[in-house]
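One letter stands for each residue in the lines below.
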Amino acid sequence: MIRNVLGSIVALLGAAAAVLSPFRDWYDGRLGRHYGIDDLFTGITGAHPGVFGSILLPFLFAAVLAVVGVVLRFRPMVALAGVLVLGFTVLWMVRQGQAAGSLTVAGDGSGLWWGVAGAAGGGVLLLLGAALMSGRGGRRGHRVERPYAAPGAADPDTWPPTREPGPSVQTSPWPEPEGEPYVGSSGPAPGHPSGPPSGPSSGPPRDRDPDSEPTVSYPVQDRRDRPDRPGRSGPSGD
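Before going into details, it helps to say that this report is about the structure given with it. Everything numeric in this text was worked out from a predicted model, so none of it was measured.

## Here's the deal with helix H1 (residues 2-20)
Between the first and last C-alpha of H1 there are 27 Å, a value that for 19 residues agrees with the 27 Å anticipated at 1.5 Å per step. The complete set of buried residues in H1 reads Asn4, Gly7, Ser8, Val10, Ala11, Gly14, Ala15, Ala18 and Val19.

## Overview of the side chain of Asn4
Assignment of secondary structure puts Asn4 in helix H1. The exposure class of Asn4 is buried, given its relative accessible area of 6%. A polar contact is formed between the side chain of Asn4 and the side chain of Ser134, at a distance of 3.1 Å. The contact partners of Asn4, leaving out residues within four places of it in the chain, are Arg73, Met133, Ser134 and Gly135.

## A word on the packing of aromatic side chains
According to the stated counting rule, one finds four aromatic pairs in the structure shown. Plain terms: the ring middles of Trp26 and Trp92 are 5.0 Å apart, the flat faces sit at 90° to each other, and that makes the pair edge-to-face. Of the two residues, Trp26 is situated in strand E1 (residues 25-27) and Trp92 in helix H4 (residues 75-100); the sequence distance between them amounts to 66 residues. Exposure remark for Trp92: the relative accessible area of 0% places this residue in the buried category. Three or more aromatic residues link up through ring pairs in this structure, and these residues are Trp26, Tyr35, Phe59 and Trp92.

## Side note on the side chain of Thr89
Residue position: Thr89 is located in helix H4. Setting aside anything within four residues of it in sequence, one finds Thr89 in contact with Phe59, Val116, Ala119 and Ala120.

## Structural notes on the environment of Gly53
Here Gly53 lies in the loop between helix H2 (39-42) and helix H3 (56-72). Residue class for Gly53 comes out partly exposed when judged on its relative accessible area of 31%. As a C-alpha pair, Gly53 and Tyr35 span 18 residues in sequence and 8.6 Å in three-dimensional space. Those residues in contact with Gly53 that sit more than four places away from it in its chain are Gly36 and Ile37.

## Quick look at the nonpolar core
Most often, soluble globular proteins have nonpolar side chains that are buried together. The biggest cluster of nonpolar side chains holds 27 residues, and the ones touching the most others in it are Trp26, Phe59, Trp92 and Leu126. Going through the elements one at a time, H1, E1, H3, H4 and helix H5 (114-132) are the ones with two or more residues in this core. Of the residues forming this core, the biggest block, six residues, is contributed by H3. Setting aside anything within four residues of it in sequence, one finds Phe59 in contact with Ala18, Val19, Ser21, Pro22, Trp26, Val85, Phe88, Thr89 and Ala119.

## Thoughts on the environment of Gly29
Position of Gly29 among the secondary structure elements: in the loop between E1 and strand E2 (30-31). Since its relative accessible area comes to 48%, Gly29 is described here as partly exposed.

## A few points about the environment of Ala130
Relative to the helices and strands, Ala130 is located in helix H5. Classification of Ala130 as buried rests on a relative accessible area of 5%. With 48 residues separating them in the primary sequence, Ala130 and Gly82 have C-alpha atoms 8.7 Å apart. Aside from chain neighbours lying at most four places away, what touches Ala130 is Arg75, Val78 and Ala79.

How each quantity is defined
- Residues numbered from 1 in each chain as written.
- Predicted model: local features only at pLDDT ≥ 70, side-chain atom pairs only at ≥ 80, totals over all residues.
- Heavy atoms only, no water.
- Helix = DSSP H or I, 4+ residues; strand = E, 2+ residues; numbered from the N terminus.
- Expected span 1.5 Å × (residues − 1).
- Buried < 20%, exposed > 50% of the residue type's maximum accessible area, 1.4 Å probe, protein only.
- Polar contact = N/O pair within 3.5 Å; in protein donor to acceptor, adjacent residues only side chain to side chain.
- Contact = heavy atoms within 4.5 Å.
- Phe/Tyr/Trp six-rings, centres within 6.5 Å; stacked < 30°, edge-to-face > 60°.
- Core = buried A, V, L, I, M, F, W, Y, C linked by side-chain atoms within 4.5 Å.

This is the structure in structure tokens:
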């Protein structure tokens, strides 16, 4: 975040310097906007072109690219603006050197002047601002954490990254099989007889055979001994 803000400020300063430079003297008291775009390819002449035909036009285009790149946080667009400004400045210096025979710097304004320095400095600031910006891809060197993969079939009861035991992964729609219930130790407990218990057997039930089981007789009450039934009387004692 801080890098984006700092880079944006530097880039905007460079764009402003590039746009203002054609309004200052470039060489021998001549303003930068008095040089035509055609002069940079065919040679320097004494003609004064209009605004849309002067060197001011590519500098305005570069400034617009820089502003859009800062708003979108798109570093290549800001860097392209800096390359355009520096490219046109260097191309002008080559053509001016060919026309004048040499480039000089004089204190009386007869040589290179502050307009050229502003254009060159603006291009450098645009490139520096593009380098300072971190762009839209996030912080440089920041590693994106990826989710851990699911444990394999050979080790389903662990959770990454500590590999500590965790809930098992159920891969079947049917319930998990349960282990055998605890039935106690194989030997008799101390202080208890080793014979079979006297209570009912806890073993598995066997098929019942009604012919082999003993018959249980239940007492039957004689109806004659019940005096509460009207209409009947016991045998006469006569």
